[in-house]
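So the chains spell out like this:
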Amino acid sequence: MPGNSRAEALKAEGNKFFKSGDYSAAIQKYTAATDIDPNVPAYWSNMAACYEKISQFDKMEEASRGCIKADKNFVKGYFRLATALKNLNDLEGCIKALESGLAVDSSNPDLKRMKKELTELQRGETVAAYLRKCDEQASNGDIAGAYKTLELASRLDAGNPDIEKMMSRIKPKFDRMEAQRRAALSPDEVHKERGDDAYKNAQFEGAVDHYTKCIEGLKRRGEGQSDLAMKAHANRAACYKQISNFDGVIEDCTAVLEVDPENVKALVRRAQAFEGVERYRFALQDIKTVLSMPRDKVGKTNVDMCNMMQHRLNRTVQQLKAGNC
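Quick caveat: nothing in here was measured; it's all calculated off a predicted structure.

Draft legend 1. Here's a closer look at the packing of helix 10 (residues 187–200) against helix 12 (residues 227–242). Interaxial distance between helix 10 and helix 12 falls to 11 Å at its minimum, and their mutual angle equals 30°. When the axis of helix 10 is compared with that of helix 12, the two are roughly parallel. As helix 10 runs across helix 12, the sense of the crossing is left-handed. Contacts from Asp188, Glu189, Lys192, Asp196 and Tyr199 of helix 10 reach helix 12 at Leu228, Lys231, Asn235, Ala238, Cys239 and Gln242. Class assignment for the residues of the contact of helix 10 with helix 12 results in four nonpolar, two polar and five charged.

And the structure:
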């Protein structure tokens with residue numbers, strides 16, 4: 001709602017100065033209006049527009065925040081704030097401002113347009129950073145790292161001519177190195193890598209076959225508890241999870257945990273599989289083991305997931321107890 005008559009008169013004077021290009025005088029009038037009534041967002045918004053004209057973006061940010069404080073539903077305040085933050089090179093803050101504004105008005109064309117432009121800008125900057133990193137890695141002889149960096153860039157901007165030009169230089173070198181590396185692999189290592197490739201292509205049953213051949217080969221050579229065997233067991237468990245073979249998940253995760261009792265990924269996967277076959281107490285035991293471990297070892301994502309699982313499993317176990325009474 002408009003403020004009192006004196007504040008509105010100051011706003012009108014400020015508008016005249018704005019139209020004539022006297023932005024400093026306009027700012028004084030809008031500031032005086034906010035002193036009288038700080039709860040009218042238009043005063044702050046107009047002040048922010050003046051600061052934009054004279055490229056004082058830190059002041060524009062302050063005025064924009066004042067606008068939002070005056071009325072959180074005044075969408076233009078978010079646009080003003082995003083504009084200020086963009087010019088201050090605070091792209092993360094700019095996106096947050098745009099998202100806050102879109103939460104108020106999801107169809108606002110100005111906010112949507114700026115967010116799209118900013119997303120494209122961020123993508124371009126990220127791709128450019130990847131290309132610089134790739135060039136540095138290649139100069140240092142890290143061809144595998146350079147190729148991986150280019151793959152990340154390609155996912156962001158497929159068809160980018162700069163990426164394709166760099167790829168034409170890096171990929172032949174990578175392919176030669178990869179061929180030499182694979183030629184030196186043992187049969188078991190070959191099966192493990194073929195399993196990895198099949199998994200990436202969502203060919204889970206084919207991946208299981210390769211991991212199984214790897215594990216069996218290692219067992220025949222007395223290497224059933226080697227690092228390679230543990231990786232094959234863990235990866236086969238991931239495949240079994242994808243095809244809902246929970247008994248297979250439990251068996252492979254147990255094999256990993258016999259060698260590495262604090263393997264977080266194996267504990268979580270086994271707990272999920274136990275829940276899948278309704279062995280809730282065993283699932284709860286694995287989850288409690290994970291939650292008793294140091295948080296930095298477990299990771300926030302796993303902690304959050306395990307807390308939710310523990311709550312769900314405790315409730316299920318209590319319901320089962322009540323049903324047996």
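Right, picking up where we left off after that structure.
Draft legend 2. Quick peek at unusual backbone geometry. Within the chain, Ser55 stands out as a residue other than glycine whose phi angle is a positive 60°. Looking at the secondary structure, you find Ser55 in the loop between helix 3 (41–53) and helix 4 (57–70). For Ser55, a relative accessible area of 48% translates into the label partly exposed. Of note in the backbone geometry, Ala202 takes a positive phi value of approximately 60° without being a glycine. Inspection of the secondary structure puts Ala202 in the loop between helix 10 and helix 11 (204–220).

Draft legend 3. Here's a closer look at the environment of Val317. Relative to the helices and strands, Val317 resides in helix 17 (residues 300–324). The buried category is assigned to Val317, whose relative accessible area is 7%. Along the backbone, Val317 and Ala138 are 179 residues apart, and their C-alpha atoms lie at a distance of 56 Å. For Val317, the contacting residues outside a window of four places in its chain are Tyr280, Arg281 and Leu284.

Draft legend 4. Examining the nonpolar core more closely. In terms of nonpolar packing, the biggest core is built from 38 residues, with Cys239, Val264, Ile287, Val290, Val298 and Leu313 touching the most fellow members. Of all the secondary-structure elements, those providing two or more residues to this core are helix 11, helix 12, helix 13 (246–259), helix 14 (264–276), helix 15 (280–291) and helix 17. Excluding residues that lie within four positions of it along the chain, Ile287 makes contacts with Ala271, Cys306, Met309, Gln310 and Leu313. The next biggest cluster of nonpolar side chains, apart from the first, holds 16 residues, and it includes Val75, Ala82, Cys94 and Ala97.

Draft legend 5. Inspection of the environment of Lys200 at higher detail. Mapping Lys200 onto the fold places it in helix 10. Residues Lys200 and Leu102 lie 98 residues apart in sequence; the distance between their C-alpha atoms is 36 Å.

Draft legend 6. Looking closely at the packing of aromatic side chains. Enumeration over the complete set of coordinates arrives at four aromatic pairs. Geometrically, the ring pair formed by Tyr147 and Phe174 is stacked, given 4.0 Å between the ring centres and 10° between the ring planes. Of this pair, Tyr147 sits in helix 8 (residues 143–156) while Phe174 sits in helix 9 (residues 161–183), and the two are 27 residues apart along the sequence. Side by side, Tyr147 and Phe174 carry an identical accessibility label, which is buried. Geometrically, the ring pair formed by Tyr199 and Phe204 is edge-to-face, given 5.4 Å between the ring centres and 65° between the ring planes. You can call Tyr199 partly exposed: its relative accessible area is 29%.

Draft legend 7. Layout of the pattern of salt bridges. What the rule picks out here adds up to 21 salt bridges. Between Arg169 and Asp135 there is a salt bridge whose closest N-O contact spans 3.3 Å. Highlighted residues: Arg169 in helix 9 and Asp135 in helix 7 (residues 109–139), separated in sequence by 34 residues. Of the residues examined, Arg169 reaches a relative accessible area of 38% and is grouped as partly exposed. A salt bridge links Glu275 to Arg312, with the nearest nitrogen and oxygen atoms 2.8 Å apart. In this pair, Glu275 sits in helix 14 while Arg312 sits in helix 17, placing the two residues 37 residues apart along the sequence. Residue Glu275 is classed as buried on the basis of its relative accessible area of 19%. In this structure Arg312 comes out as partly exposed when scored by relative accessible area, which is 31%.

Draft legend 8. Representation of helix 3 within the structure. Taking 1.5 Å per residue, 13 residues should reach 18 Å; helix 3 reaches 19 Å between its end C-alpha atoms and fits that length. Summarising burial for helix 3: eleven of the 13 residues are buried, a large majority. Within the sequence span of helix 3, burial applies to Pro41, Ala42, Tyr43, Trp44, Ser45, Asn46, Met47, Ala48, Ala49, Cys50 and Tyr51. Buried residues along helix 3 sit in contact with helix 1 (5–20), helix 2 (23–36), helix 4 and helix 5 (75–87).

What counts and what doesn't
Residues numbered from 1 in each chain as written. Predicted model: local features only at pLDDT ≥ 70, side-chain atom pairs only at ≥ 80, totals over all residues. Heavy atoms only, no water. Axes fitted to C-alpha atoms, helices over the stretch in contact; angles between N-to-C directions. Helix = DSSP H or I, 4+ residues; strand = E, 2+ residues; numbered from the N terminus. Parallel < 35°, antiparallel > 145°, perpendicular 65-115°, else oblique. Left-handed = near helix turned anticlockwise from the far one by under 90°. Contact = heavy atoms within 4.5 Å. Nonpolar A, V, L, I, M, F, W, Y, C, P; charged D, E, K, R; others polar. Buried < 20%, exposed > 50% of the residue type's maximum accessible area, 1.4 Å probe, protein only. Core = buried A, V, L, I, M, F, W, Y, C linked by side-chain atoms within 4.5 Å. Phe/Tyr/Trp six-rings, centres within 6.5 Å; stacked < 30°, edge-to-face > 60°. Salt bridge = Lys/Arg side-chain N within 4 Å of Asp/Glu carboxyl O. Expected span 1.5 Å × (residues − 1).

Any link to function would need more than the numbers given here.
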